[in-house]
Amino acid sequence: MQLVIQNLNKTYSNGVQALKDVTLTINQGMFGLLGPNGAGKSSLMRTIATLQEADSGSIQLGDINVLTQKEEVRKILGYLPQEFGVYPKIDAITLLDHLAVLKGISNKAERKGLVEALLQKTNLWQARNKNLGGYSGGMKQRFGIAQALIANPKLIIVDEPTAGLDPAERNRFLNLLSEIGENTIVILSTHIVEDVKELCTDMAIINKGQVLYKGSPLDAIAAVEGKVWTKTITKPELENYRNSFSIISERLIGGRPVISVLSDQQPDGGFDRVPADLEDVYFTHIFGSTKTEVAA
Amino acid sequence: MFKNIFLFELKYRKARAANYIYFAIMFLFCLLAVTTDVVRIGGAVGQVKENAPIVIGQMIVIMGFFMTLISSAIMGVAVLRDFEHNTEAILFSTPIKKFHYLMGRYWGSLVILLLVAASLPIGFMIGDLWPTREADRLLPFNLLTYWQPFCIFVVPNMFFTGAIFFASGALSRKSIVIYTQGIMLLVLYIGTSSLLRDIEQKEIAAMLDPFGVRAFNFYTQYWTPGERNTLQIPFEGYILYNRLLWVGVGILILVINHFAFSFNVVRNSIFKIKAVKDELIKIKPEETRIPLAQQYTSFTTHISQLVKLTVFYFKMVFKEIPFLAIVIAGILLLLVNAINLNELFGTKSYPTTYTILGLLSGFNLFFLIISVLYTGELVWKERSVNLNLIIDAMPMPDFISLISKFFGLLLVYIVLIAGLILTGMVIQMSYGYYKFELSIYVGTLYTETVAFLVLYSLLSMFIHVMVNNKFLGFAVAVAFFILVSFFSQMGLEHPLFQFGSGSLGTYSDMNVYGHFVTPFSWFQVYWMAFVVFLFAIAVVFSSRGSEDVIAMRWKAGKLRLSRSLITLIVCTTVIFVSSGFYIFYNTNIVNEYSNKDQREKLQIDYEKTLKKFEFTPQPRITDVNLKVDIYPSKRDFTAEGHYILKNKTDKPISDLHIQENVGSELKTDYLKFDRKYGVKEKFDEFDYTIYKLEEPIQPGDSIRMDFKVSFVTNGFVEGGRSNTSVIFNGTFFNNQYFPSLGYFSGGEMSDDNDRKEKGLPKKERMMERNDPRGLQQSLFGDDADHVNFEMVMSTDKGQTAIAPGYLQKQWVENNREYFHYKMDAPMCNFYSMISARYEVKREKWNDINLEVYFHKGHNYNVDKMMLGMKDALTYYSKNFSPYQYRQLRIMEFPRYANFAQSFANTIPFSEGIGFIAKINDPDKDIDYVYYVTAHEVAHQWWGHQVMEAGVKGNAMLSESMSQYSALMVLKHKFTPEIIERYLKYELDRYLLGRASERKKEQPLELVEGQGYIHYQKASLIFYALQDYLGEDSVNAAFRRFNNTWRFKDAPYPTSADLLKEIRKVTPDSLNYLIKDMFETITLFENKTDSAFYREKGKNEFEVKLYATAEKLRADSIGIETPISINDWIDIGVYGKDKAGKDSLIYLKKHKIAKKENAFTITVKSKPRKAGIDPLHKLIDRHSNDNSKGLLKRDL
């Protein structure tokens, strides 16, 4: 099964164009959607998850037209929105059971087994009888993951799933996803480059509603390999460098600015070549797109 | 710091559009209320001017009540918004003092609230200066009229309610709690209304009502129209106390709020957090395998999802604290109301199931609140907790979410109703009543109430879905319900426009649900189709996912238009339209429909066209001989027979004016005379025909008029407009359905303001007392004097048909019951026809047959009625004259009307007033069953033996004399305390009655059909009269009056004739009484200022009483002028009897000739209290200050 998105456009009523001619093909396995806040990741994911209308374009999931055959999509969908809440006065096991009913797990014994397994899997077993109102952010997030896995979905859409998870939980969750992702389409949006690098076979970078890059993370890294240069400078110099080089990232190490520049040759003597990272790819694209826009 | 916060609050609020909108809405409401008929709130009636202080005051108080809603919106969020916008953590960490923070916010918001509230006086002020207003209905402009009630009522109310909402918002940090507070206030307000009904609890109600409305009403209740036009709203008495009380409560709340409010962002829960049991078994998430579970998406899955969700939402609502608060508040209110169950004169009635159902209907308001609140809450449930995206992505059909919410709510209603039934039964049990009629509970609550809830819930859901904004949704829903209630004033009177119309009517034990079931069912089909249609539309437009814009929702919604949904939409449309047509066909085609304007126009045209015939000489009916066949199961009857008409004038009559009944069910099959005649003129729209006889009727000559009329019930009309006289069981109608002679002046428009608006001249309510034309006609009209009466009635098998007269023969023919009645002496031309399934109780009193016909099971008070008849017959025949018939019958009729009425030897008595009354303690409760019986029996003398002229003062003869007669029977049967209590009610009702007089208050001798005078005032006057003159003297006057006028044809007596007899028994020293009591409106202000006693010796006590006495004379609008006093007034001293109760140890009339008086009285036992006119024999607007407890003092 393949998810084919073609020429998808969406403009909100306030005039913001969330999706601009998005075309993507997503295969089984983990697909990472990378982009800064407000890039249109969530809009795209909601549209795939049948929760939002598109102005034009098409989304095809196997034989299913996602934009019109919503019911069919929902049967095989597992969705974790970026932000969500819960009924505060209900405990986890009850709500998960409730959601399983809605997913169509009609057999009571099967449902019970499933719900318990999911709670164990997401490490919520001890807190299963606690009202969801008392859950911490991370616990709530894990509950969200648990519900997205009900009924063995064929299409899993998880919007910023690792936000709010501590490193251990994050690892556990990523493992879980990769376990499932073998014969499922898993779309994972994030602004954490690490997530994509560790997990995804395929990825896209979007910003301002546009797809800036699509392909595998390894190809992406290969494309910039050997072109990334860094230099440690002083703060007063920063402005100078900004004007004379295309800086893809600035960060502080030990309180001193370290700038990265994308260049085929060594920009000047102070720059050291470093091994390319996905993050460099990301910044390159985001930076590049901004640049283009400014030029336009 | 306070100043900064205060000013910031003002600045912040200044920028909020909502405040301007609130102002504009309230302003417009007030403006429209006084300048147009579109909005009505209170308003002036009769002679009270439209901008009289009390009228404006009332309107400001009512609108101030609505201001509470705005108060909750403005004051509730003053602190709450910091929590809702999550700014509290930032704010509370700044060095603001709690006191400054709270007070700054409170006073800042309150100032804004008061500025909004100023829209009320400003709106009314501008409205009263509006150029279209009629100057002669306005008083000169006075600023005080607008701003005084604002300061007295609105400002303290805003302070107090503001404090409540402010504190509940600040302490609970939840907006729903604020709304719940509002509902609690409402409960307190409504709760006091049931208290107010009982005159003995009015003071408590006046204090307890937090809005001051009750205090306002209590203080001004006896204001006469004249006073209403002149007095400003005072700030004294109960108004002052009430205001002080609630401002005090407001301050208290602010103090509590100050101490309870905490700057901590996270609060300690009041309840201990349950320790979570730690699972001993350690689970390794990595090792868990997720089992495979079969996913189903079939129809049966969806059904089970629906069931699960329904139960889920049901439980969710039941867990809501505000919901429980509303329910508990509602039930509390029911229990409070159950204390004064169906009281009349302070006497309760049996808690029959329909009485309890009436009580339970008080919960409907709470049902409405629940339905509006929780449809909104449930529609927004997932979105408000932000779970919507997860739920919306679930593989469920689109309708399931909405419909399960509806079903969940429906289940809530069903359970609540079961709870209400249980409450009802508990109330019944607490009264020792065990006749539980579950079928009636279920039959009413699970049909009418559930239907009403379904309609409002689905409509409200539709609104919430379409508006797609939670708070706007609530506003639109409430606005819609208010708008709907104004539909009829905007000309949309037809029940097809009145959302939720078609009630199940009044339940009667006799007629059960009667004919109301059919229209009820059809209207429910019609409205159900309407709301289900709306629901289907809501399913299409309901937001699923993150799209809010209507165009996008339509884009998504189009995909949901499955075949079944389209079928549903088409079906409901078809059902809605076709049931609408069917209803219209029944109400407007098969039956006649007219709206208010059309009816008024008919009245006006009738008067304009035919008034000229009012005094055209006509013959009089001397014989009535009819055959009346009643078909209760079809709700039809026919009446066929003849009248004999006799020319009693001294001129020949050739034109006969026949007025047929204008009811649409009634048809005249034929009408003919026994000599040659032609139709001279016919007025079809008024059913009025002038026949011309070829040969006139000579003076003293008679003709015979034969006719047949048929009353046919076709189809149905809306329950409230339906005929409740001809029914399945308990038919009761009188001869108004039959042709009558000449112009009917009772059909004219009576209100002078209306008449002026329609260009009609002012109209006197009755003819002058000496009008010779009036003296020629009796109170029953000018169709007849006395008539010979004979009637054969038939009815369905199993029912008994009853008419005046004696039963000659009874037989069964063609499976119908026949009864032949004949009266052996001429009687008045006013007769009832009754048919119902009856049980009968028969007794005898001196050869007179007494019968009570009652509905099976209603035998509670039959013996009291029997006793009432016997005692009344005994007293009246001894003191006035012998009873003229050999029989006296009482028959029960259904509670569609609550009265008893006296026909010749026949007294129909409503199911609702006497048959279920419950007299618990004959020494304490007023036995009104006995009393009403005695009153109606008295009419056999006053009205039937002596018919009076139809002129001013006529009711003093029939009604007032019956009041006196019954009161005397009561006096000999019960304790003086009962009589005193009864008179207290009469005084209250008289004073209230004159306060709302629309035209002019008349002295008793010229009463113009004013019930508060000829019943209530007359009780007081005649009771005092017999106290001054002696019972025997008054009886002697009545006896002589009766002797002179008994069984006489025209001319008829007037009140002057009775007064002539009363004068004869009045000593000269008391002659002033006649003037005070009958010829003028005279009131007293008697008051005990102070009272003391000292012990003079053994068993000798001296009482010193300082009392003021004032005598006032009122004009027809109630403006009083003091007049000099020279009256005999009771001075009384109370001691204690053996049982420890107050008892009079001294009571004597003293001559009082000045305002300030001191009395010294010696009594033989220890005195407790003393007073002037302690038994309230004189009419006094402040009767509570007549007596005072005695202080011991050495003089």
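Residues numbered from 1 in each chain as written. Chains lettered and ligands numbered in written order. Predicted model: local features only at pLDDT ≥ 70, side-chain atom pairs only at ≥ 80, totals over all residues.

Asks: Just checking my understanding: could you explain the overall build of chain B for this structure?
Replies: Along the backbone of chain B there are 35 helices and 28 strands. Taking all 1195 residues of chain B together, the buried fraction comes to 45%. Across chain B, the fraction of contacts at a sequence separation of at least 24, relative to all contacts at a separation of at least 6, is 74%. (Helix = DSSP H or I, 4+ residues; strand = E, 2+ residues; numbered from the N terminus. Buried ≥ 20, exposed ≤ 12 C-beta atoms within 10 Å, placed from the backbone. Contact = placed C-beta atoms within 7 Å.)

Asks: Explain the domain arrangement of chain B here, please?
Replies: Many structure descriptions define interface size as the accessible area lost when the parts assemble. If you check the domain split of chain B, you get domain 1 (2-260), domain 2 (297-590), domain 3 (615-742 + 780-942) and domain 4 (1081-1195). Taken over C-alpha atoms, the centre of domain 1 of chain B sits 54 Å from the centre of domain 3 of chain B. (Domains from an automatic or database assignment.)

Asks: Is there a simple way to explain unusual backbone geometry in this structure?
Replies: It is generally the case that most residues other than glycine have a negative phi and that most peptide bonds are trans. The omega torsion of the bond from B:Ala1050 to B:Pro1051 falls at 0 degrees, within 30 degrees of zero and hence cis. One non-glycine residue, A:Glu160, adopts positive backbone phi at about 50 degrees. Tracing the backbone through its elements, the reader meets A:Glu160 in the loop between β7 (155-159) and α6 (167-180). Of the residues examined, A:Glu160 has 22 C-beta atoms within 10 Å and is grouped as buried.

Asks: I'm lost on the sheet that holds strand β27 (residues 1187-1189) of chain B in this one. Help?
Replies: Strands pair in a sheet through their backbones, by hydrogen bonds, and they do so in one of two ways: parallel or antiparallel. All names here are of chain B. Pairing is antiparallel across the open sheet formed by 4 strands, whose spatial order is β24-β23-β26-β27. For this open sheet the edge positions go to β24 (1142-1152) and β27, each flanked by a neighbour on one side alone. The sheet shows a mean angle of 15 degrees between the axes of neighbouring strands, taken without regard to direction. Across 4 bridges, the pairing between strand β23 (residues 1127-1136) and strand β26 (residues 1169-1172) is antiparallel. Its bridge partner lying in β26, Ile1131 is registered against Ile1172. (Pairing = 2+ DSSP bridges. Axes fitted to C-alpha atoms, helices over the stretch in contact; angles between N-to-C directions.)

Asks: Mind showing me how you'd approach the packing of helix α13 (residues 299-319) of chain B against helix α19 (residues 398-430) of chain B here?
Replies: Axis angle and axis distance: for two packed helices, these are the angle between their axes and the distance between the axes, and together they describe the pair. Residues and elements named next belong to chain B. α19 packs onto α13 with a crossing angle of 50 degrees between their chain directions and a minimal axis gap of 7 Å. In terms of their interaxial angle, α13 and α19 are classed as oblique. Crossing hand, α13 versus α19: right-handed. Facing α13, whose interface residues are His302, Gln305, Leu306, Leu309, Thr310, Tyr313, Phe314, Val317 and Phe318, α19 presents Ile400, Ile403, Ser404, Lys405, Phe407, Gly408, Leu409, Leu411 and Val412. In terms of residue class, the contact of α13 with α19 is made up of 12 nonpolar, 5 polar and 1 charged. (Parallel < 35°, antiparallel > 145°, perpendicular 65-115°, else oblique. Left-handed = near helix turned anticlockwise from the far one by under 90°. Nonpolar A, V, L, I, M, F, W, Y, C, P; charged D, E, K, R; others polar.)

Asks: Mind showing me how you'd approach the confidence of the model for chain A here?
Replies: Low pLDDT means the predicted atomic positions in that stretch should not be read closely. In this model, chain A carries a mean pLDDT of 87, and residues with pLDDT of at least 70 account for 97%. Considering only residues more than four positions removed or in separate chains, one finds that residues 289-296 of chain A, a stretch of pLDDT under 50, has 3 contacts. (pLDDT = per-residue confidence, 0-100.)

Asks: Mind showing me how you'd approach the interface of chain A and chain B here?
Replies: The partner chain B presents 40 residues to the 48 residues of chain A that form the contact. Ranked by residue count, the leading element in the side of chain A that touches chain B is helix α4 (residues 108-121) of chain A, at 8 residues. In terms of residue class, the side of chain A that touches chain B is built from 18 nonpolar, 16 polar and 14 charged.

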